[in-house]
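# Structure assessment
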Amino acid sequence: MDKESKVIILPKTNSSSEFKIINLPNPTNLTTTKSYLLHHNEDSNNQLYELNIIGGEDDNDGNDDEKTDNGNAGTKNKGQKPKSKLKSENSIKSLIFEPGYVLQSPKIIISNKFNLSYLLISLFSNINQQKSQQQSQQSSLSSENLFNDNFKSLEDLKDQLLNEYREDTNNNDWVLEIPDQLYHQSLINLCDVITENIDESFYRFDLSKILHWLNEKVLALQKYILTNDNSILTKLKLELNPSMSNNNIEDQLLNDLGLLYSIDYIFNSYLDDGVNSFLRQKLLEEFKYDFTRVLKHIDDLKIQQSLIENVLESNLKSTTNNTKSSSTKKKPATGTTNKKVKRGAIDSFFKKAK
């Protein structure tokens, strides 16, 4: 095996399973692609795995695959300091597992289960956004025109993807590489579904259903953060109590901040920028989430911290000025002076004797 080869350890499955690497649009930026591992099993549900290369790539890496998988991986940073190296001369790449285990390797690829529903939300939201803008000549979206209101077969939906993303991704064969079963598994999370003739299904995207599905993901992440001892929870507590002088943090504030973090993470990690803000706002309205209190609490803490820093800086300047003033005061003269010596009685006697 040469140095450029990569090994992916596959899960143990039965002989009918098939693994395949496919390139799909990146759900957060549909004009770029990302590598995924497709586990196709005719006897059970299909599974898609997101492939990520650990950061800290070698300076001399120029592999196009790494550019696809890891953003700017493989690009040389001219003028920057060389990256830290291991004894093997490889760049340091690490993945931290809670509660503190660190895995290091210059060539490791991490696979995570990926739900195709995220990508479908971005793809079809983007399509309908463009259509609504063309029809209304407005840049803003509304819940009425975000998704089509008619039912479509899976073949119609795939044809729509083939037509719309022919130029953006250079190669839209990925539309046909995704198994129909995986499409169905993902679409039922987002759509109203009607079935005719036993095996023929029709789908209509439903905004409320999409919001409830996204909210389930948000709440699951919030629960994990708040019920496990992890670095994210520590970070949230520091934001609510920077001094950590005591552990008296109001539960509601911590819950709200954990929820806000979870929303930001899910939406920024898995949804396209073009629809992110719209769906985020609709989520807040649908579930009546209000973060005014926790954000005001954090702002007040920042103001207090700023005032303390200003006082400390003022005291430091005052102390410095006093020190300089003391050192520049006029010191008493230390040179010799001619003093007039008074004559005593004996001196006068000898003078007369002369």
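Presented here is a report on the structure given in the accompanying data block. From a predicted model like this one, the values you see are computed outputs, not experimental measurements.

Counting secondary structure elements, the protein contains eleven helices and nine strands. Burial analysis of the protein (354 residues in total) assigns 34% to the buried set. Put simply, 59% of the contacts in the protein that link residues at least 6 apart link residues at least 24 apart. Looking at the protein as shown, the accessible area adds up to about 23,200 Å², and 49% of this sits on carbon and sulfur atoms.

Let's shift gears to the sheet that holds strand β8 (residues 191-196). Reading across from one edge, β7-β9-β8 is the order of the three strands in this open sheet, with antiparallel pairing throughout. The strands lining the two open edges of the sheet, one partner per strand, are β7 (152-153) and β8.

Paired through backbone hydrogen bonds, the strands of a sheet run either parallel or antiparallel to each other. With respect to topology, four strands assemble into an open sheet ordered β1-β2-β3-β6, the strand pairing being antiparallel. Looking at strand neighbours, the two that pair on one side only are β1 (18-26) and β6 (109-114), the edges of this open sheet. Ignoring strand direction, the axes of neighbouring strands in this sheet form an average angle of 35°. Pairing analysis gives nine bridges linking β1 to strand β2 (residues 29-40), with the strands arranged antiparallel. Following the sheet pairing, Asn23 is matched in β2 by Ser35.

Time to look at the pattern of salt bridges. Within this structure, the stated rule accounts for ten salt bridges. The salt bridge involving Arg204 is made with Asp192; its shortest N-O contact spans 3.5 Å. Separated by twelve residues along the polypeptide, Arg204 in strand β9 (residues 200-205) and Asp192 in strand β8 bring together distant segments of the chain. Its salt-bridge partner being Arg293, residue Glu250 comes within 2.7 Å of it at the nearest N-O pair. Here the residue Glu250 occupies a position in the loop between α7 (231-240) and α8 (251-270), and Arg293 occupies one in helix α10 (residues 292-327), the gap between them amounting to 43 residues. The partly exposed category is assigned to Glu250, whose relative accessible area is 36%. One continuous salt-bridge network, built from bridges that share partners, spans Glu155, Lys158 and Asp180.

This part is about the packing of helix α6 (residues 207-227) against α8. Think of two packed helices as two axes; the pair is described by the angle between the axes and how far apart they sit. Put simply, α6 and α8 touch, their axes get as near as 8 Å, and they point 125° apart. For the element pair α6 / α8, the angle class is oblique. Here the hand of the crossing between α6 and α8 comes out right-handed. Together, Leu214, Lys217, Val218, Leu219, Leu221, Gln222, Ile225 and Leu226 of α6 and Leu254, Asn255, Gly258, Leu259, Tyr261, Ser262, Ile263, Tyr265, Ile266 and Phe267 of α8 make up the contact between the two elements. Looking at the contact of α6 with α8 residue by residue, the classes come out as 13 nonpolar, four polar and one charged.

This part is about the side chain of Ser122. Along the chain, Ser122 falls in helix α2 (residues 116-136). When neighbours within four sequence positions are excluded, Ser122 is seen to be in contact with Pro27, Leu30, Tyr165, Tyr270, Leu271 and Asp272.

Our focus in this paragraph is α7. Working note: α-helix, 3.6 residues per turn, so residues spaced by three or four point in the same direction. Turning to α7, its buried residues are Leu233, Leu236 and Leu240. What you see down the axis of α7 is that its buried residues fit within an arc of 60°, all on one side. Capping the start of α7 is the job of one residue whose side-chain oxygen sits 3.1 Å from the backbone nitrogen of Ile232: Asn230.

Estimated volume of the largest pocket: approximately 1,100 Å³. Taken together, 37 residues make up the lining of the largest pocket; nearest its centre are Glu50, Asn112, Lys113, Tyr265 and Tyr270. Looking at the lining of the largest pocket residue by residue, the class counts come to 20 nonpolar, twelve polar and five charged.

Each aromatic ring pair is specified by the distance between its two centres and by the angle formed by the two planes. Scanning all chains against the criterion turns up nine aromatic pairs. An angle of 40° between the planes, with centres 6.4 Å apart, marks the rings of Phe114 and Tyr118 as tilted. By the burial criterion, Phe114 is buried, and Tyr118 matches it. Summarising the aromatic geometry, the rings of Phe124 and Phe205 are spaced 4.8 Å apart at their centres and angled 40° between planes, so their arrangement reads as tilted. Of this pair, Phe124 sits in helix α2 while Phe205 is found in strand β9, placing the two residues 81 residues apart along the sequence.

Conventions adopted
- Within any chain, residue numbers begin from 1 and follow the written order of that chain's sequence.
- Only residues with pLDDT of at least 70 get local features here, since the model is predicted, and only at 80 or more are side-chain atom pairs given and counted; chain-wide, interface and lining totals rely on the full set of residues.
- Note that water and hydrogens are dropped before the side-chain values are worked out from all heavy atoms of the structure.
- Each helix is a run of DSSP H or I of at least 4 residues and each strand a run of E of at least 2, with the numbering of both proceeding from the N terminus.
- Type-normalised accessible area, obtained with a 1.4 Å probe on protein chains alone, sets the label of each residue: buried when under 20%, exposed when over 50%, and partly exposed for intermediate values.
- The criterion used for residue contact is that any of the two residues' heavy atoms lie within 4.5 Å.
- Residue-level accessible areas treat just the shown protein chains as cover; the underlying method is Shrake-Rupley with a 1.4 Å probe.
- Each pair of strands is called paired provided DSSP finds at least two bridges between the two strands.
- Only the stretch in contact is used when fitting a helix axis, every axis being a line fitted to C-alpha atoms; angles between N-to-C directions are given from 0 to 180 degrees.
- The salt bridge definition used is simple: a Lys or Arg side-chain nitrogen within 4 Å of an Asp or Glu carboxyl oxygen.
- The scheme is simple: roughly parallel for angles under 35 degrees, roughly antiparallel for over 145, roughly perpendicular for 65 to 115, oblique for anything else.
- Here is the rule for handedness: rotate from the far helix to the near one, and if that takes an anticlockwise turn smaller than a right angle the crossing is left-handed, while a clockwise turn gives right-handed.
- Any residue that is not Ala, Val, Leu, Ile, Met, Phe, Trp, Tyr, Cys, Pro, Asp, Glu, Lys or Arg is counted as polar, Gly included; the first ten are nonpolar and the last four charged.
- Each direction from the helix axis to a C-beta atom contributes to the arc, which is the arc of those directions.
- Pairs of N or O atoms within 3.5 Å make up the polar contacts considered here, provided that, within protein, one atom can donate a hydrogen while the other can accept it, and that residues adjacent in sequence are counted only when both atoms are side-chain atoms.
- Here a cavity denotes grid points, spaced 1 Å and computed from the protein atoms alone, that fit a 1.4 Å probe unable to get out, and a pocket denotes an open set having protein on both sides within 12 Å along at least 5 of 7 lines; residues with an atom within 4 Å of a point are the lining.
- Grid points are joined across faces, edges and corners, and a volume is the space filled by probe spheres set on the points.
- Aromatic pairing here means that ring centres of Phe, Tyr or Trp (its six-membered ring) are within 6.5 Å. Orientation follows from the plane angle: under 30 degrees is stacked, over 60 is edge-to-face, and everything else is tilted.

In short, the description is geometric, and any link to function would need to be established separately.
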